[in-house]
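Spelled out from the first residue to the last, the chains are:
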2 protein chains.
Amino acid sequence: MADKVTIADVARVAGVSRQTVSNVLNTPDVVREETRRRVLDVVGELGYRVNRAARQMRTGRSQLIAIRIDPDRDGINGSVLDRFLHGLTDSAARAGYRVLLYTADDDRSEVATFEDLLGAYEPDGFVLTGTHHRDPRASWLLDKGVPFVTFGRPWGEEATTRHPWVDVDGSAGTAAATRHLLDAGHTHIGFLGWPAGSGVGDDRRAGWVRALAGAGVDPTGLSRATSDAVADGEAAARDLIDSDPGVTALVCVSDSLAVGALHAARSPGLAWREEDTRPDLPIAVIGFDDTPVAKAVGLTSLSQPLKEAAANCVTLLARILEGTETARASAASPAHVLLEPSLVIRQSA
Amino acid sequence: MADKVTIADVARVAGVSRQTVSNVLNTPDVVREETRRRVLDVVGELGYRVNRAARQMRTGRSQLIAIRIDPDRDGINGSVLDRFLHGLTDSAARAGYRVLLYTADDDRSEVATFEDLLGAYEPDGFVLTGTHHRDPRASWLLDKGVPFVTFGRPWGEEATTRHPWVDVDGSAGTAAATRHLLDAGHTHIGFLGWPAGSGVGDDRRAGWVRALAGAGVDPTGLSRATSDAVADGEAAARDLIDSDPGVTALVCVSDSLAVGALHAARSPGLAWREEDTRPDLPIAVIGFDDTPVAKAVGLTSLSQPLKEAAANCVTLLARILEGTETARASAASPAHVLLEPSLVIRQSA
DNA sequence: TAATTCGTCTTGAACGTTCAAACCCACGGA
DNA sequence: TCCGTGGGTTTGAACGTTCAAGACGAATTA
């Protein structure tokens, strides 16, 4: 029912032309102080709001940032993206953008969605998550000259400098976790990770290796790799503990695996139960991502600064969109932000 | 770089006028079969996509559905909204809509955001979550005649018929959970809930009362109310168990409280430990929402059909937007959908 | 004094689409 | 023969904004 207030209405009431009103809003420095105030008064009085669709027609800018929302894969880590999403929406709003969602089942269908969105809604830019080696989505966007930022490093070396990205330093996190355990007196510290080949997983493992090396501990035989499920984590933890009963602590690549490790540690298998001397919490466990699950079960975990990461994504994207630099120019010298995770200490370690 | 292809391009190539192309896309029945095919061929060939901004200028329709994304409050239940959001994005896309996100700290700032969004992006409709008694957001939207659907019943009676809504039948869920426990031989079944006054909480409690009544059990003294945090749940569970040691099972209003109850059940307080005769799992516990946490700790819980709920929201909203009925007309006889949760049985019960 | 520059403001056009109205032509009935 | 009808198509205008160009007066310069 709210009768639309257009720029022409404002102009009429303020006694100026449409263009002057437009100038007041977009290039205030070009208009006389007194006129500007008068126009702004009328704007407030009438409750005028610029119509994005009309502006988009003229400028080609939609003030929309598109991002994919995943189905929660394993369930536990799903919440990480969601927290990021909230931060993104918040930061984007502050910068004058809104977040548009889309879904896609795989990289190919996501690229198809790019075409769809760009043709219809014309989002100004994209935020890509879950990047991986030779990501076809990034190459497609680069190819088309569409502005985008990734949350996650480009893991293939060759692409390392071709687009801006924000990431959290996983190896710094696991190194800090390992040092925390070393400081607590542990020496035999194991690692539960994913199979080699995933950038994120390999990076997190590297931090554990580095910290152990710093303390003069040989990591050989102290790690296991498995897929990211609670049951797998439990099995891997059992296997590791069985093969080396001296292990007193575990750093895990994810909270899923860590929860599995907790199960193994707290209600150990029969073979191991005999010699159990610490019935309440025999093995220290540290997870990664500080998910709600970690909070609920008292799991010490590494927390990613998701809000900050999201804010940086918006900043980098806005720099491309608003700066003089084009997407292509910024691809020549893209900006990176690498954030440090923080250790949230709970009962498990 | 993809040079924009407009309706005029298609028209030129197909040898027809702009309007005919528009008709082919919007009112196909008015155009001759042969012409339609020819135009559609050209559309495919050139990869034409209707420009939403231009269409919006003319029709006032943006094909956008706006929804608020919350910060994950307590952390555990946050994922519920996120799963709903994914379903919504998916269903919306199928119906030709996209989902626009916004944040807000409270009802008042959310209403301010309504004004902002309606003035600038002109979303066609809103989906409101977390409705409560005398929700000012709903009244505001009703007042302005803005189409919307709520996920959650209007709990105040007087507003019950004024807008379409989708909800999950909480009392049916807790009743089913209670019956499940009764079938398993439990008779002293307690309830951990929220303080009276919240529509959702009272409803879920009612299901428990109903199921007990059906079995001839008096619920008096068997329930506790507390705020929604793990520690509170643990304390409330201890209190209940201490006061009535005969309690062998607990139905909880949320997974947060249920996880707390599990803590209480599995590592009971000292006073109670003495007489513990079932060391492994003395008390059956059932939660609500089937969050990732439930999955991780083996908690039996009630799962909301979120995907289906989201799909229904889109359907109801689309009916208002596309049907002949206006928002006001549909407010006269709004549609409701009440879905049943399902019990996901795990180790805890 | 005339020409130039500058600051401020206005005017017409354009973005890509759809609405409303007009147009054209074949057909059937009077 | 003429007119009315109706299916199929085209034409001009409009949505609300910003761009590009121009207009006007005052101040500055030649």
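Residues take numbers from 1 onward in each chain, read along the sequence in its written order. Both sets of labels track the order of writing: A upward for chains, 1 upward for ligands. Reporting in this predicted model follows two pLDDT cut-offs: at least 70 for local features of residues, and 80 or more for side-chain atom pairs to be given and counted; totals over whole chains, interfaces and linings ignore these cut-offs and use all residues. As a rule here, side-chain values cover all heavy atoms of the structure and leave hydrogens and water aside.

An unreviewed UniProt entry annotates chain A as Alanine racemase originating from Planotetraspora kaengkrachanensis.

Peer 1: Outline the overall build of chain A, listing residues and values.
Peer 2: Numbering of helices and strands runs from the N terminus, with a helix taken as a DSSP run of H or I at least four residues long and a strand as a DSSP run of E at least two residues long. Of regular secondary structure, chain A possesses 15 helices and 12 strands. Note on classification: 1.4 Å probe, protein chains only; a residue is buried when its accessible area is under 20% of the maximum for its type, exposed when over 50%, partly exposed between these limits. The proportion of buried residues among the 349 residues of chain A is 54%. Of the roughly 15100 Å² of accessible surface on chain A, 51% is carried by carbon and sulfur atoms. For accessible areas, the Shrake-Rupley method is used with a probe of radius 1.4 Å. Any residue's cover is judged against the shown protein chains and nothing else.

Peer 1: Describe the packing of helix α6 (residues 107-120) of chain B against helix α7 (residues 136-144) of chain B, naming the residues involved and giving the relevant values.
Peer 2: Angle between the axes and distance between the axes are the two parameters that describe a pair of packed helices. Residue and element names in this part refer to chain B. Packing of α6 against α7 brings their axes to within 9 Å, and their N-to-C directions diverge by 30°. When the interaxial angle is binned, α6 and α7 end up roughly parallel. Of the two elements, α6 crosses α7, and the hand of that crossing is right-handed. Contact residues: Asp107, Glu110, Val111, Phe114, Glu115 and Leu118 in α6; Pro136, Arg137, Trp140 and Leu141 in α7. For the contact of α6 with α7, the residue count by class is six nonpolar, no polar and four charged. In this analysis an axis means a line fitted to C-alpha atoms, helices contributing only their contacting stretch, and an angle means the value between N-to-C directions, from 0 to 180 degrees. Any angle that falls under 35 degrees is termed roughly parallel, while one over 145 is termed roughly antiparallel, one within 65 to 115 roughly perpendicular, and all others oblique. In a left-handed crossing the near helix is turned counterclockwise from the far helix by less than a right angle, and in a right-handed crossing that turn is clockwise. Contacts were defined at the residue level, with two residues in contact if any of their heavy atoms lie within 4.5 Å. All residues other than Ala, Val, Leu, Ile, Met, Phe, Trp, Tyr, Cys, Pro, Asp, Glu, Lys and Arg, Gly among them, are scored as polar; the first ten of these are nonpolar and the last four charged.

Peer 1: Tell me what's going on with empty space enclosed by the protein, and back it up with residues and numbers.
Peer 2: Only protein atoms enter the 1 Å grid, on which a cavity is a set of points fitting a 1.4 Å probe that cannot get out and a pocket is an open set with protein on both sides within 12 Å along at least 5 of 7 lines, lining residues being those with an atom within 4 Å of a point. Grid points are joined across faces, edges and corners, and a volume is the space filled by probe spheres set on the points. In this structure the tally under the stated criterion is four cavities of 30 Å³ or more. For the largest cavity, the calculated volume is near 120 Å³. Of all the elements in the fold, those that place two or more residues in the lining of the largest cavity are α4 (52-59) of chain A together with α4 (52-59) of chain B. Taken together, the residues of the lining of the largest cavity break down into seven nonpolar, four polar and two charged.

Peer 1: Please provide a residue-by-residue account of the protein's contact with DNA strand D, values included.
Peer 2: Near residues are defined by distance, with any heavy atom within 4 Å of the molecule or strand qualifying the residue. Close to DNA strand D lie 26 residues; A:Ile7, A:Gln19, A:Tyr48, B:Thr20 and B:Thr35 are nearest. Atoms of DNA strand D within 4 Å of the protein belong to the sugar or the phosphate in 51% of instances, the rest to bases. The definition of a polar contact used here is a pair of N or O atoms within 3.5 Å, where within protein one atom must be able to donate a hydrogen and the other to accept one, and adjacent residues in sequence count solely through side-chain atom pairs. A distance of 2.5 Å separates a phosphate oxygen of DNA strand D from a polar atom in the side chain of A:Tyr48. One of the side-chain nitrogen or oxygen atoms of A:Arg58 is found 2.9 Å away from a base oxygen of DNA strand D. Looking at the surface near DNA strand D element by element, the count peaks at five residues for α4(A). Of the residues in the surface near DNA strand D, the class split is eight nonpolar, 10 polar and eight charged.

Peer 1: An account of the packing of aromatic side chains is needed here, citing residue identities and associated values.
Peer 2: Centre distance and the angle of the planes are the two values used to describe a pair of aromatic rings. Residues and elements named next belong to chain A. Any two rings among Phe, Tyr and Trp, with Trp reduced to its six-membered ring, count as a pair given centres within 6.5 Å; such a pair is stacked if its planes are under 30 degrees apart, edge-to-face if over 60, and tilted if neither. Summed over the entire model, instances satisfying the criterion amount to 12 aromatic pairs over all chains. Here tyrosine 102 and phenylalanine 114 contribute two aromatic rings whose centre-to-centre distance is 6.3 Å and whose plane-to-plane angle is 80°, an arrangement assigned as edge-to-face. Of this pair, tyrosine 102 sits in strand β2 (residues 98-102) while phenylalanine 114 is found in helix α6 (residues 107-120), placing the two residues 12 residues apart along the sequence. With respect to burial, tyrosine 102 and phenylalanine 114 carry one shared label: buried. An aromatic cluster of three or more residues is present, and its members are Tyr102, Phe114, Phe126 and Trp140. In this structure, arginine 204 packs its charged tip against the face of phenylalanine 288, placed 3.6 Å from the ring centre. Counting as a charge over the ring demands two things of the Lys NZ or Arg CZ atom: a distance within 6 Å of the ring centre and an angle within 35 degrees of the ring normal.

Peer 1: So, the side chain of B:Thr131: which residues are in play, and what are the values?
Peer 2: Residues and elements named next belong to chain B. With respect to the helices and strands, threonine 131 occurs in the loop between β3 (125-129) and α7. A polar side-chain atom of threonine 131 sits 3.4 Å from the main-chain carbonyl oxygen of glycine 152. Separated by 3.0 Å, the side chain of threonine 131 and the backbone oxygen of arginine 153 make a polar contact. When residues no more than four places from it in sequence are discounted, the contact partners of threonine 131 are Arg137, Thr150, Phe151, Gly152, Arg153 and Trp155.

Peer 1: Report on helix α14 (residues 306-322) of chain A, specifying residues and quantitative values.
Peer 2: Between its terminal C-alpha atoms α14(A) stretches 24 Å, which fits the 24 Å expected from 17 residues at 1.5 Å a residue. Here α14(A) has its buried residues at A:Leu306, A:Ala309, A:Ala310, A:Asn312, A:Cys313, A:Val314, A:Leu316, A:Leu317, A:Ala318, A:Ile320 and A:Leu321. Here the expected length of a helix is defined as 1.5 Å per residue gap, with one fewer gap than residues.

Peer 1: Account for the interface of chain B and chain A, naming residues and giving values.
Peer 2: Every contact between the two is made by 51 residues of chain B and, on the other side, 51 residues of chain A. By definition, the buried area sums, over both parts, the 1.4 Å-probe accessible area that each loses when the two are put together. When chain B packs against chain A, the two sides together hide about 4300 Å² of surface, and 59% of this comes from carbon and sulfur. By salt bridge we mean one thing: a side-chain nitrogen of Lys or Arg within 4 Å of a carboxyl oxygen of Asp or Glu. Seen at the junction of chain B and chain A, the total is six salt bridges. Salt-bridge contacts for A:Asp116 lead to B:Arg98; the nearest nitrogen and oxygen are separated by 3.8 Å.

Peer 1: Could you give an account of the environment of B:Glu122, with specific residues and numbers?
Peer 2: Secondary-structure assignment places B:Glu122 in the loop between α6 and β3. Using a relative accessible area of 10% as the deciding quantity, one classes B:Glu122 as buried. Considering only alpha carbons, one finds B:Glu122 and B:Arg61, 61 residues apart in sequence, at a separation of 7.5 Å. Setting aside residues up to four positions removed in sequence, B:Glu122 forms contacts with A:Lys4, A:Asn51, B:Gln56, B:Ser62 and B:Leu117. Within the structure, B:Glu122 has its side chain in polar contact with the side chain of A:Lys4 (distance 2.8 Å).

Peer 1: Hey, could you go over the sheet that holds β2(A) for me, with residue numbers and the actual values?
Peer 2: Strand pairing requires that DSSP identify at least two bridges connecting the strands. Strand order in the open sheet made by the 12 strands is β11(A)-β5(A)-β4(A)-β3(A)-β1(A)-β2(A)-β2(B)-β1(B)-β3(B)-β4(B)-β5(B)-β11(B), with mixed pairing throughout. A strand with exactly one partner marks an edge of an open sheet, and here the two such strands are β11 (336-339) of chain A together with β11 (336-339) of chain B. Shown here is a sheet whose adjacent strand axes are inclined to one another by a mean of 20°, direction ignored. Judged from the four bridges that link them, strand β5 (residues 165-168) of chain A and β11(A) form a sheet pairing that is parallel. Paired with A:Asp167 across the strands is A:Leu338, a residue of β11(A).

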